[in-house]
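Summary of the model geometry
Each chain, written out:
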Amino acid sequence: MIWKLSLTGIKSRLKDYTVLFSGLVVASMIFYMFLSLAINPGFMSHDVNAPGQYLSFIFGFGIVLLAIITFVYLVYANSFLLSMRQHDYGMFMMLGAKSSRIGLLIFCETLLTGMLAAILGIVIGFALTAIVSKVLIASLGLKITHFQIVLPSAIIWTLIFFIAIFFLAALRNVHKLVRSKVIDLLHESQKPIKLSRKNGLRVFEAILGIVLLAVGYYVMGLSASAIFAIIPIALVTIVAGTYFTFDSLFTLIINFLLKRKNFAYRGIRMFTLGQLKFRIRDYTRILSVISLLFALALGAITVGLNFNSLKDQAVKSTYYDATIVENSPAVQKNVDKLDIKTRSTYHYVETKKDVYFDRSEFEKTPLKDIQFKQKGNNFPTYKPIAFKISELTKKNSYANSVLGMQANTGNKAIKLVSSDQLKKIQGQKKFITFITVKNFVKDYPTLTKLEKVQMASNPAMAQALSQTKPFSYQMMLGFTSGFEFMGFFLGIAFLTMLASTLMFKVLSGAASDKMRYEMLYKIGTRRKILKQSIRHEIGVLFLLPGVLGVIDVLFGLRLFTALLPHPYMGFWVPFLIFIVLYFIYYAVTVKLYENLVLKK
């Protein structure tokens, strides 16, 4: 009988359960997608060329962050589920149902909802991951070829995580509802919220919040050399400042507006401001968390997309595009495909003790390299330089070490002689040719093949050839592609869950607001005015953490000036993506809230 009543109750709120279930499916789907990326063995070992321990730390940190926001999201989703059902459970107990049976019912309902959502989310995650691995990677220009869509380990860990979370949620629901009095279950939504009227303390908190935020923003602009001091200071000041700002500053602003009669007494603004005043005081913690997570999500996408600029730095940081040490047909075949800009050839003779180069060739075309310059906290600049001939033979000089590394001379001394003298020296006659092309990115595949052909036929030169520009660019390409993908993935996951968390937090209070809107409707307030009030009220709740999160990101990007050449480059792209997705969640929340509190 209880199960029949329960199913009837679920059927009567099928729309609300559909929203809840779809949100849980999205949560499990995103969790699986990111987990499949983070622990994908082929992706880790082939597509991202970076030290394994460093990658493990980065992806591990990403999974932890994702698990935290998923946990927070599920807490509020479960709260929404509880708010919808607690009145029904109170009615069951009032009609004589045993608390043990109600507890079992609650436990099974919660756990079953979570398991079904997790399984369906994983299945949809397969398809969505396949789309992401093709459409998203192609649109971002990423070079990822070893990404596994169906990953058993990711499936198992996703199920374990969600079952564990919903098991704890089920126990919490049982503990709260079974031990609650029937009268509390029936009238939980009608309990008043206590507001503090100590305005002096509120003003002090508001000023302290602004000061702490200012200190955090200032610290993030300091030199990157103090990064280990910057991060903890910024973390403490911005977190505390955000909390105090939501706890006091916005409440003071609302109080100020309530006292402005010309503003407050238009339409039902007095009611809307009163609703906001109660909500912001009740939502201080969740709005603070959402603001910080919003900044993390937006920052992750912005920084992730900006990693693409490091590929340009890999091109600029090395002067010569390729090194040629042989004239085989295979090498010449690849050279013929290149659009060559400059070609510099240096002949030399290698003996047991020394290496002799033709001086006239360096006088005709000096050996060149890139000089790095860095000022303060800015990204280094690259400037081409030509080595002086006297520096080439000077032991331990930069020019000497560059030429020795390129020609693979080892510890042998480099000497410059005339063309006639070089012909008389007995030893291995060799040459080394440096070329530059007009468009490195266009000729990159051919340049890579060129160096690989030479490495296969010249094992002695393999170490020197492996450090040329094509291989440096290849390593950077894999590194940046991986982190672009992770940043975009993590940012979208964060945005989806934090917006869903705020949505369920707002919807969980709909039951207590329903009576207020019914009273306004009964005294003659038009439905259009009530909808407008709802849009304004929920709009402010979405807007405040979004604006503060954007400000956090705009100041926080200065932390990456030493890592990225232009951390603010193209920041409008992720900002636009976030605004569109965030607005969609706002619109959905408004529509669902209207259906819950306004009778048709």
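Described in the following lines is the structure provided in the data block. All figures in this text were calculated on a predicted structure; none of them were measured in a lab. (Residues numbered from 1 in each chain as written. Predicted model: local features only at pLDDT ≥ 70, side-chain atom pairs only at ≥ 80, totals over all residues. Heavy atoms only, no water.)

Let's shift gears to the sheet that holds strand E6 (residues 413-417). Here we have five strands laid out as an open sheet, ordered E1-E7-E2-E3-E6, and mixed in their pairing. This sheet does not close on itself; its edge strands, each paired only once, are strand E1 (322-324) and E6. Taken pair by pair, the neighbouring strands of this sheet meet at an average axis angle of 30 degrees, ignoring direction. Sheet analysis places strand E2 (residues 340-350) next to strand E7 (residues 428-437), joined by ten bridges and oriented antiparallel. The residue of E7 that forms the bridge with Ile 340 is Val 437. Seen against the sheet, helix H19 (residues 440-457) touches E1 and E7 and runs at an angle of roughly 35 degrees to E1. (Pairing = 2+ DSSP bridges. Helix = DSSP H or I, 4+ residues; strand = E, 2+ residues; numbered from the N terminus. Axes fitted to C-alpha atoms, helices over the stretch in contact; angles between N-to-C directions. Contact = heavy atoms within 4.5 Å.)

Glancing now at the packing of helix H23 (residues 527-556) against helix H24 (residues 572-597). Close contact between H23 and H24 brings their axes to 10 Å; oriented N to C, the two are set at 155 degrees. Classified by the angle their axes make, H23 and H24 are roughly antiparallel. Viewed along their axes, H23 and H24 form a crossing whose handedness is right-handed. Side by side, H23 and H24 meet where Lys 531, Ile 534, Arg 535, Glu 537, Ile 538, Gly 539, Phe 542, Pro 545, Gly 546, Val 550, Val 553 and Leu 554 of the first sit next to Phe 575, Tyr 582, Tyr 585, Tyr 586, Thr 589, Val 590, Tyr 593, Glu 594 and Val 597 of the second. Counted by class, the contact of H23 with H24 contains 14 nonpolar, three polar and four charged residues. (Parallel < 35°, antiparallel > 145°, perpendicular 65-115°, else oblique. Left-handed = near helix turned anticlockwise from the far one by under 90°. Nonpolar A, V, L, I, M, F, W, Y, C, P; charged D, E, K, R; others polar.)

Moving on to helix H11 (residues 269-282). For H11, with 14 residues, the first-to-last C-alpha span of 20 Å sits near the 20 Å given by 1.5 Å per residue. The complete set of buried residues in H11 reads Phe 271, Thr 272, Leu 273, Gln 275, Leu 276, Arg 279 and Ile 280. (Expected span 1.5 Å × (residues − 1). Buried < 20%, exposed > 50% of the residue type's maximum accessible area, 1.4 Å probe, protein only.)

The next point concerns the pairing of E2. Bridge count for E2 against strand E3 (residues 354-358) is three bridges, and the pairing is antiparallel. Within the sheet, the bridge partner assigned to Glu 350 lies in E3 and is Val 355. Where E2 folds back onto E3 in an antiparallel hairpin, the turn is made up of three residues.

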